[in-house]
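Per-entry structural report
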Amino acid sequence: MSLPEIVTRADWRAARAALLAKEKAATRARDALNAERRGLPMVEVDKEYVFEGGDGKAPLLDLFEDRDQLVVYHFMFAPEWDAGCRSCSAFLDQIGHLAHLRARGTAFAAVSRAPYPKILPFKARMGWTLPWYSSYVSDFNADFEVTLEHEGELVERPGLSCFLRDRERVFHTYSTYERGLDGIGSTTSLLDLTALGRQEPWEKPAGRATALGAPAGGEGVRYHDEYED
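Procedures and definitions
- Residues numbered from 1 in each chain as written.
- Predicted model: local features only at pLDDT ≥ 70, side-chain atom pairs only at ≥ 80, totals over all residues.
- Heavy atoms only, no water.
- Core = buried A, V, L, I, M, F, W, Y, C linked by side-chain atoms within 4.5 Å.
- Buried < 20%, exposed > 50% of the residue type's maximum accessible area, 1.4 Å probe, protein only.
- Helix = DSSP H or I, 4+ residues; strand = E, 2+ residues; numbered from the N terminus.
- Disulfide = S-S within 2.5 Å.
- Polar contact = N/O pair within 3.5 Å; in protein donor to acceptor, adjacent residues only side chain to side chain.
- Contact = heavy atoms within 4.5 Å.
- 1 Å grid on protein atoms, 1.4 Å probe; cavity = no way out; pocket = protein on both sides within 12 Å on 5 of 7 lines; lining within 4 Å.
- Points joined across faces, edges and corners; volume = space filled by probe spheres on them.
- Nonpolar A, V, L, I, M, F, W, Y, C, P; charged D, E, K, R; others polar.
- Phe/Tyr/Trp six-rings, centres within 6.5 Å; stacked < 30°, edge-to-face > 60°.
- Lys NZ or Arg CZ within 6 Å of the ring centre and 35° of its normal.
- Pairing = 2+ DSSP bridges.

**Observations regarding the nonpolar core**
If you look at the biggest cluster of nonpolar residues, it comprises 29 residues, and the most contacted ones within it are Phe75, Leu92, Phe108 and Leu160. Grouped together as the second largest cluster of nonpolar side chains are 17 residues, Ala58, Leu60, Phe64 and Phe144 included.

**Observations concerning the environment of Glu168**
By secondary structure assignment, the location of Glu168 is in the loop between strand 9 (159-166) and strand 10 (169-177). Between the C-alpha atom of Glu168 and that of Leu61, which follows or precedes it by 107 residues, the distance is 7.4 Å.

**Comments concerning the state of the cysteines**
Counted under the stated rule, the structure contains 0 disulfides. For Cys88, which is in no disulfide, the shortest distance to another cysteine sulfur is to Cys85 and amounts to 3.7 Å. Cys162 takes part in no disulfide bond, and the closest cysteine sulfur to it belongs to Cys88, at a distance of 16 Å.

**Quick notes on the side chain of Arg113**
Tracing the backbone through its elements, the reader meets Arg113 in the loop between strand 5 (106-112) and helix 4 (116-126). Owing to a relative accessible area of 14%, Arg113 belongs among the buried residues under this scheme. Separated by 2.5 Å, the side chains of Arg113 and Glu156 make a polar contact. Not counting residues up to four positions away in its chain, the partners in contact with Arg113 are Phe77, Ala78, Pro79, Ser134, Ser135, Tyr136, Asn141, Thr147, Leu154 and Glu156.

**Examining the side chain of Arg198**
The residue Arg198 is located in the segment after helix 6 (187-191) in this model. Taking relative accessible area as the criterion, Arg198 reaches 18% and is therefore assigned buried. A distance of 2.8 Å separates a polar atom in the side chain of Arg198 from a polar atom in the side chain of Asp192. Setting aside chain neighbours within four positions, we find Arg198 in contact with Arg30, Arg104, Thr188, Leu191, Asp192 and Glu203.

**Regarding the layout of surface pockets**
The space that makes up the second largest pocket amounts to roughly 230 Å³. Lining the second largest pocket are 14 residues, with Arg30, Asn34, Ile184, Ser189 and Leu193 sitting closest to its centre. Going through the elements one at a time, helix 1 (9-38) and strand 10 are the ones with two or more residues in the lining of the second largest pocket. Broken down by element, the lining of the second largest pocket gets its largest block of residues, 4 residues, from helix 1. Here the residues of the lining of the second largest pocket are counted per class, giving 4 nonpolar, 5 polar and 5 charged.

**Notes on the packing of aromatic side chains**
The tally for this structure, following the rule as stated, stands at 16 aromatic pairs. Residues Phe75 and Trp132 carry aromatic rings whose centres are separated by 4.6 Å and whose planes lie at 50° to one another, so their mutual orientation is tilted. Here Trp132 lies in strand 6 (residues 132-134) and Phe75 lies in the loop between strand 4 (69-74) and helix 2 (86-93), a separation of 57 residues in the sequence. Note that Arg37 overlies the ring of Tyr174, its terminal NZ or CZ placed 5.0 Å from the centroid. When the ring centre of Tyr177 is taken as origin, the NZ or CZ atom of Arg157, which lies over that ring, is 3.9 Å away.

**Notes on the pairing of strand 8 (residues 153-156)**
Strand direction decides the pairing type here: strand 7 (residues 147-150) and strand 8, joined by 4 bridges, are antiparallel. Bridge pairing in strand 8 places His150 opposite Glu153. Hairpin connection from strand 7 to strand 8: 2 residues lie between these consecutive antiparallel strands, with Glu151 at a positive phi of about 55°.

Structure (structure tokens):
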């Protein structure tokens, strides 16, 4: 095994300071990239998709749970499989308490092509309580490019899509796939992919920090059982 070089504490501090400067530059670059992402245009979803969940059939609008934003994780689970993808399962394992997303007016749901009766026992096995829907009877997976045709066969790939609603109208704002999912899982990393972002006063473009009326910044963070739903 190749291990890091052994140095004095003074040398370590110097090396750490040099790296910190690069880390701060990367943070500023990430903030600029997130602002550019929030500046993306959006497209209206005018196709009627039907999903199946714990309460039966549901349109896409129901997945919002009366919130303004929706983050969908495209979980790889083909109809003929007996269990969900291992990598997708590891991704869902790291999703934090949804109360923090919901406090920012953002719903989260997993969607798979497998029929719901197959999803339900696997979800119970994994011990997950987050919303999970089947898109088995719709073109949702194909339209959002997570089920693709390759050499005459359907193949799955992981992805994540963000949606924004204006009353009864739903808009697609962002999608990312495969390596684009690296480092995503925390509440802030998911919010950074949405059109409204973290809703902090320092974010650009301006005017979205109070879009949902939620307190921004550290003052807005609560214990997960203290939020008013």
